[in-house]
Amino acid sequence: MPGGYAAARLRLLQEESRSGPPRRSALADLTDEWLAALLTAGARAAGIGAGVSLVAVGGYGRGELSPRSDLDVLLLHDGTADRGALAALADQVWYPVWDLGLALDHSVRTPGEARRTAGEDLKVQLGLLDARHIAGDAALTAGLRTAVLADWRAQAPRRLPELRELCQERAERHGELQFLLEPDLKEARGGLRDATALRAIAASWLADAPREGLADARRRLLDARDALHLATGRATDRLALQEQDQVAAALGLLDADTLLRQVYESARTIGYASEVTWREVERVLRARSAPRPRLRGLLGGRGGRAAGAGVDAGERSPLAEGVVEQDGEVVLARTARPERDPVLPLRAAAAAAQAGLPLSLHAVRRLAAAARPLPVPWPPEAREQLVTLLGAGESTVAVWEALEAEGLITQLLPDWERVRCRPQRNPVHRWTVDRHLVETAVRASALSRRVGRPDLLLVAALLHDIGKGWPGDHSVAGETIVRDVAARIGFERADVTVLARLVRHHLLLVETATRRDLDDPATVRSVADAVGGPVTLELLHALTEADALATGPAAWSAWRGSLVADLVKRVAAVLAGEPAADQTAPQETTAEQERLAIEAWRTGGPVLALHARAEAPPDQAAADADAGDRPEPEPIGVELLIAVPDQSGALATAAGVLALHRLTVRAADLRTVELPPELDVADGTNGENATDGGGGPAVDGSGRGGDVLLLSWRVAAEYGSLPQAARLRNDLMRALDGSLDIVSRLAEREAAYRKYPRRRGVHAPPPRVTVAPGSSQLATVIEVRAQDAPGLLHRIGRGLEDAGVTVRSAHVSTLGANAVDAFYITDASGAPLQPMRAAEVAQEVQRALG
């Protein structure tokens, strides 16, 4: 009875004592029993006595029913039954399933029709490979299974390339499961679909996947999907952020990070097995299409089978001591003795990466099983081979993954275990911690010609985030870890100190360049003191760029690169002995900025200029030299310059107008331009004239010039086209004279935005406003970290204005969804604030941000 099945199904899904494979198997058995009864009753009612069977296919055929899985069922018949009777029988089976609200993928076919459909549709053929008899004529089902498997094996040379193309297209659409914060457990690369594809390859008898760990990986992904179905009540395979804690709890895991790490490890196992298996499929198909081998090869003479490889050996080309290339892979030489050669794993890996070839599965497993631990400290050759491996560029990644799949990386670097498969929940990051470290080394290899010690650069790149596996500041923890690791690797004491300093300060340059005033002597001097010397500065500059490029597209741009390069130039001068005062000359005003400042002072109102352009590296010669190292020029929307006579609230007002025009502020800088006293803003003769007819302020008779606030913005349209400069200027004038209520307009838009559930945004941590002590001798630095949102800079500016302080300069930086802004403020006399007063201002800004 349908009701009996529904109740039994519900009881089964609610049993906390039974989960995982036992529950999936029990659910399949229960469903088999129910459908078998439906078939029997339906056949009796339709008057069909024989020649029909009910067949489970796909995941149901494998006995892997998750709580919300589709039922994939085939009603198979021998063609003798009346069509009307068959239709009546199908209705007797399908309608009870639909009545319970279960998803059903169904078909009615003869064995011949099923085989023809499979030949035309690869997905149908894959489902039939897992065909399992439920009820009815067992011989009919068995005959279909035998025929389908025979067809698959006969057609495998044609169908397997089609299957691989299907897998690649799916990976491009859904990404790599092992790196996604909200992964699709089924469709993403390394997911359940790929595990099913490996079963299909094995059924073809052309190749077989590495079995170690594969079943457990598949089981863990299925368990996660089961928990996800129960948590959401939906047939979903996407592990969304809001469900991860509940899924982790259902699986008995500590937290969502533990869940993601387990999912990533499973995906990595399946992904690596897929890569190895598809490589073997290609090799076999290539061998089948090649001319027939010579007789002596078939008889086992020279050029016969490679030891343990199970394939016909091709020509062997030596790559390094104990390492050769054979048939497009790197294998161990016949004379290699990994049990006596502890450097062999690194030597083989370095040779493979330098040659751009994969390490054979057999070679990696032999190395993992027999390799001896390296002595401590490492011999020089081992250290050199590690550096060679890291310096190979893109080909390093695949080789590193092969070593990691067999546990060799953690044998060489035990501290790697804490960062392996560790998720990074900052959306700016596109990789897990361990993959980010390898990617940083890849990026650093392209910059190695810029430094005198590329070995230190590459090792620092590999280890710069190693502290993320420990509590506290990862830079501080990483410094301690790297001192130990570098000493074990065999670096001299001075090199160990440099590596530790690089890891400790790997964020120093980009954070200082984008958040601090480089014209302040304290800024440059503090960086010089932290870096310590020109060699470390050179390495840190390259590491900063490599780290940012490996993080993701939002972490690096030519604009950030130019700021970092400017900082490095200033710090290098200080380290070379030049006085810090020489580095603090006022920033040179361009001709356009001076023109805007004069016009603003003359008219007494805002003047602005818009420049739409694409961003390009500031040093074209360096860009040409390192063409492969830098990103393509990126569109940045517009560069917006605003000049306005210095007055209270100008920053907040301008930011509010930009928000109203849906302009996203990517970067901003604020400074005061002092017009020289000898300049007559009216006719250029002297400082005696009053204003022009526009009513603007004058330079007074004392011969003093005037202060004009210059705001340099880097903005982009939130959507649509950029606003016209005239409209921006008009609204800015109205906002400054009070006729345009910025606060009310922004509040209205925010209220309208929040009406729609889909637009309510993600849950973000609250903003944090702090005082950065010691960052400047000339001003107090207030740093704001918050979720980027329309009007954010306006609210910050209003908070500073309400606090009654003067903004000397502002440095705005946006990384993905995160804004990190620094404001240099003074009191009315132009002096830095006292500590207690600075804390009060920070609280005022915190309140303004809500």
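One numbering rule holds for all chains: residues counted from 1, following each sequence as written. It should be noted that, the model being predicted, local features are given only for residues of pLDDT at least 70 and side-chain atom pairs only at 80 or more, the latter also being counted only at that level, while totals for whole chains, interfaces and linings use all residues. Heavy atoms throughout the structure, all of them, feed into the side-chain values; hydrogens and water do not.

### Examining the sheet that holds strand E6 (residues 323-326)
Strands are treated as partners if at least two bridges between them are detected by DSSP. Runs of E in the DSSP output that reach at least two residues are strands. Runs of H or I that reach at least four are helices, and both are numbered from the N terminus. Reading across from one edge, E5-E6-E7 is the order of the three strands in this open sheet, with antiparallel pairing throughout. For this open sheet the edge positions go to strand E5 (316-320) and strand E7 (329-332), each flanked by a neighbour on one side alone. Averaged over all adjacent pairs, the angle separating strand axes in this sheet is 40 degrees, with direction ignored. All axes are obtained by fitting lines to C-alpha atoms, using only the stretch in contact for helices, and the reported angles, taken between N-to-C directions, cover 0 to 180 degrees.

### Here we look at the sheet that holds strand E4 (residues 132-136)
Spatial strand order, E3-E2-E1-E4: four strands in an open sheet with mixed pairing. Both edges of this open sheet fall to strand E3 (104-109) and E4, since each of them pairs with a single strand only. Looking at each pair of strands side by side, their axes are set apart by 25 degrees on average, direction ignored. Where helix H5 (residues 111-120) meets the sheet, it contacts strand E2 (71-77) and E3, and its direction lies at approximately 120 degrees from that of E3. Sheet contacts for helix H7 (residues 138-174): strand E1 (52-56), E2 and E4; angle to E2, the most-contacted strand, approximately 105 degrees. Any pair of residues with heavy atoms lying within 4.5 Å of one another is described as a contacting pair.

### Considerations on helix H26 (residues 591-603)
Here, expected helix span is obtained from the residue count minus one, scaled by 1.5 Å. For H26, which comprises 13 residues, the first-to-last C-alpha distance of 18 Å matches the rise-based estimate of 18 Å (1.5 Å per residue) to within 8%. Here the term buried applies to any residue with accessible area under 20% of the maximum for its type, exposed to any over 50%, and partly exposed to those in between, with areas from a 1.4 Å probe on protein chains only. The set of residues buried in H26 consists of Gln593, Leu596, Ala597, Ala600 and Trp601. With its buried residues spanning 130 degrees around the axis, H26 presents them on a single face. Of all possible arcs, the one meant is that of the directions from the helix axis to the C-beta atoms.

### Description of the packing of helix H15 (residues 380-390) against helix H16 (residues 395-405)
Closest axis-to-axis distance for the H15/H16 pair is 9 Å, and the angle between their directions is 125 degrees. Considering their axes alone, H15 and H16 lie oblique with respect to each other. Residues Leu386, Leu389 and Leu390 of H15 pack against Thr396, Val399, Trp400 and Leu403 of H16. Here the term charged refers only to Asp, Glu, Lys and Arg, the term nonpolar to Ala, Val, Leu, Ile, Met, Phe, Trp, Tyr, Cys and Pro, and the term polar to all other amino acids, Gly among them. In the contact of H15 with H16, the residues fall into six nonpolar, one polar and no charged. Angles below 35 degrees are treated as roughly parallel, those above 145 as roughly antiparallel, those between 65 and 115 as roughly perpendicular, and all remaining angles as oblique.

### Describing the nonpolar core
In these notes, a set of buried Ala, Val, Leu, Ile, Met, Phe, Trp, Tyr and Cys residues joined through side-chain atoms within 4.5 Å is what counts as a nonpolar core. Formed by 93 residues in total, the largest nonpolar core has its most connected members in Leu359, Trp378, Trp400, Leu413 and Trp416. Ignoring any residue separated from it by four or fewer positions in sequence, one finds Trp400 in contact with Leu386, Leu389, Leu390, Ile409, Leu413, Trp416, Val438 and Leu462.

### Thoughts on unusual backbone geometry
At the junction of Val376 and Pro377, the peptide bond is cis and its omega measures out at -5 degrees in the coordinates. By the secondary structure assignment, Pro377 is in the loop between helix H14 (361-370) and H15. At Cys421, a residue that is not glycine, the phi angle is positive and equals roughly 60 degrees. Along the polypeptide, Cys421 turns up in the loop between helix H17 (408-412) and helix H18 (433-446). The phi angle at Arg662 is positive, at roughly 55 degrees, despite the residue not being glycine.

### Re the environment of Thr146
Of note, Thr146 is situated in helix H7. For Thr146, a relative accessible area of 55% puts it in the exposed group. Taking the C-alpha atoms as reference points, Thr146 and Leu129, separated by 17 residues in sequence, lie 9.5 Å from one another.

### Some thoughts on the environment of Asp646
Summarising the element assignment, Asp646 is placed in the loop between strand E9 (635-645) and helix H28 (650-660). By relative accessible area, Asp646 is classed as partly exposed at 41%. In sequence terms Asp646 and Asp707 are 61 residues apart; their C-alpha atoms lie 5.8 Å from each other. Asp646 has contacts with Thr672, Asp707, Val708 and Leu709, leaving out every residue within four places of it along the chain.

### Notes on the confidence of the model for the protein
It should be kept in mind that the predicted coordinates are not to be read in detail where pLDDT is low. How sure the predictor is of each residue is captured by pLDDT, a score from 0 to 100. On average, residues of the protein score 84 in pLDDT, and 86% of them reach the 70 mark or higher. This stretch, residues 614-636, has a pLDDT under 50; its non-local contacts, to residues over four places away or in other chains, come to 34 contacts. Note that residues 756-762 has pLDDT below 50 and, in this model, four contacts with residues that lie over four places away or in other chains.

### Quick notes on the packing of aromatic side chains
The geometry of an aromatic ring pair comes down to the distance between the two centres and the angle between the two planes. What counts as a ring pair is set by centres within 6.5 Å for rings of Phe, Tyr and Trp (its six-membered ring), and what kind of pair is set by the plane angle: stacked under 30 degrees, edge-to-face over 60, tilted for all other angles. Inspection of every chain in the model, using the stated rule, returns four aromatic pairs. Ring geometry for Phe179 versus Trp431: centroids 4.8 Å apart, planes at 90 degrees, classification edge-to-face. Here the residue Phe179 occupies a position in the loop between H7 and helix H8 (192-204), and Trp431 occupies one in the loop between H17 and H18, the gap between them amounting to 252 residues. Judged by its relative accessible area of 11%, Trp431 falls in the buried class. Charge-over-ring placement is defined geometrically: NZ (Lys) or CZ (Arg) within 6 Å of the ring centre, and within 35 degrees of the ring normal. The side chain of Arg418 reaches across the aromatic face of Trp470, ending 3.6 Å from its centre. It is Arg435 that lies over the ring of Trp431; its NZ or CZ is 4.4 Å from the centre.

### A few points about the pairing of E2
Of all seven residues in E2, seven are buried, a share of seventy percent or more. Here E2 shows no split at all, with Leu71, Val73, Leu75 and His77 on one side and Asp72, Leu74 and Leu76 on the other all buried. Pairing analysis gives five bridges linking E1 to E2, with the strands arranged antiparallel. Looking at E2, one finds that Val55 is bridged to Leu74. Bridge count for E2 against E3 is six bridges, and the pairing is parallel. When the bridges of E3 are listed, Val73 appears paired with His106. Clockwise travel from the first strand over the helix to the second, with the strands pointing away from the viewer, marks a crossover as right-handed. One crossover worth recording links E2 to the parallel E3 by way of helix H4 (residues 83-99), and it is right-handed.

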